[in-house]
Amino acid sequence: MRKLRRVVTGHNEQGKSVVLFDGLPPKVTLGGRLAEVWYTDETPASDRGHADASLRSLQMEPPARGSVFRCLELDPESQIADLDAAARAALMRETLASLSAAHAAVDTTRHPGMHRTRSIDYVVVLAGKVRMLLDEGEVDLEPFDMVVQRGTNHAWVNRGTEPVLLLAVMIDAERL
C-alpha cells in the first residue's frame, strides 16, 4: 500500500485542540491492502477520550449505529488470472470470511467479488481506474470520482495494470 499518513486530533486536559496521533495507521491488514483509519460506535459520535479507535478486530461492516473510515488498495485482477473460476470464488469467500462478512456474498453470479453490506458507503477513488459492477450495469471510475453505495450488491474490479486506491467511509444503515 502507498504510504499513508493519519492525523487524529483531540483535546488536552484544558480543552485545547491537539494532535493525538500522527503517522501510519497502526492497523494495516489483508496483506497490506487495507488500512483501518478510525471507527465510531455510535451516532452521534463521541469526541471524548484519547484511545485509538482503529485498534479493534477487523470486520467489513461498521459497528451497529457506528462507522468505519478506511483505505483499500485493489490489485489488478490480472494477478489472479491463472486461477480458475472455482479458485477465484474460493479466494473471495476466504477474503470475506476474514472480514467477518461471509454473509455479505448474497449473489455472486455476476462476479465472485459481489457483496452487499448493511451500510451506506461514501467512496472516493484516489488513484487508478476501477470498474464498479452492480447486479444490472457497471460504471468505470477514475481518480476523484465519488460513489454513494446504498447497501447495493456490488464488486470492485481493477482491470488495469496498476493498483487502485479507494477511500471509504461506511456508516451503519437499516437492513433492506
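Heads up: these notes are all about the structure in this document.

What counts, and where the lines are drawn
- Residues numbered from 1 in each chain as written.
- Predicted model: local features only at pLDDT ≥ 70, side-chain atom pairs only at ≥ 80, totals over all residues.
- Heavy atoms only, no water.
- Helix = DSSP H or I, 4+ residues; strand = E, 2+ residues; numbered from the N terminus.
- Rg over C-alpha atoms; globule rule 2.2 N^0.38 Å.
- Buried < 20%, exposed > 50% of the residue type's maximum accessible area, 1.4 Å probe, protein only.
- Pairing = 2+ DSSP bridges.
- Axes fitted to C-alpha atoms, helices over the stretch in contact; angles between N-to-C directions.
- Salt bridge = Lys/Arg side-chain N within 4 Å of Asp/Glu carboxyl O.

### Notes on the overall build of the protein
Piece 1. From N to C terminus, the protein includes one helix and 11 strands.
Piece 2. Each helix and strand of the protein, ordered N terminal to C terminal, gives the series β-β-β-β-β-α-β-β-β-β-β-β.
Piece 3. Against the 2.2 N^0.38 benchmark of 16 Å for 176 residues, the protein shows a C-alpha radius of gyration of 17 Å, consistent with a compact globule.
Piece 4. In terms of overall dimensions, the protein has a C-alpha envelope of 60 × 35 × 25 Å along the principal axes.
Piece 5. Among the 176 residues that make up the protein, the fraction classed as buried is 37%.

### Quick look at the sheet that holds strand 7 (residues 130-134)
Piece 1. Pairing within the open sheet is antiparallel, and its three strands lie in the order 8-7-10. Edge strands, defined here as strands with exactly one partner in the open sheet, are strand 8 (138-141) and strand 10 (154-157). Direction aside, the axes of adjacent strands within the sheet are offset by 20 degrees on average.
Piece 2. Here four bridges tie strand 7 to strand 10, and the two strands are oriented antiparallel to one another. Within strand 10, the residue paired with Arg131 across the bridge is Val157.

### Section: the pattern of salt bridges
Piece 1. Summed over all chains, the structure comprises 10 salt bridges.
Piece 2. A salt bridge links Glu36 to Arg70, with the shortest nitrogen-to-oxygen separation between them at 2.8 Å. Of the two residues, Glu36 is situated in strand 4 (residues 34-40) and Arg70 in strand 5 (residues 67-74); the sequence distance between them amounts to 34 residues.
Piece 3. Its relative accessible area of 7% is what places Arg70 among the buried residues.
Piece 4. Put simply, Asp172 and Arg118 hold a salt bridge, and the shortest N to O gap is 2.7 Å. Pair noted here: Asp172 is in strand 11 (residues 164-172) and Arg118 is in the loop between helix 1 (85-98) and strand 6 (119-127), with a separation of 54 residues, a long-range link. Pair check on accessibility: Asp172 and Arg118 agree, each one buried.

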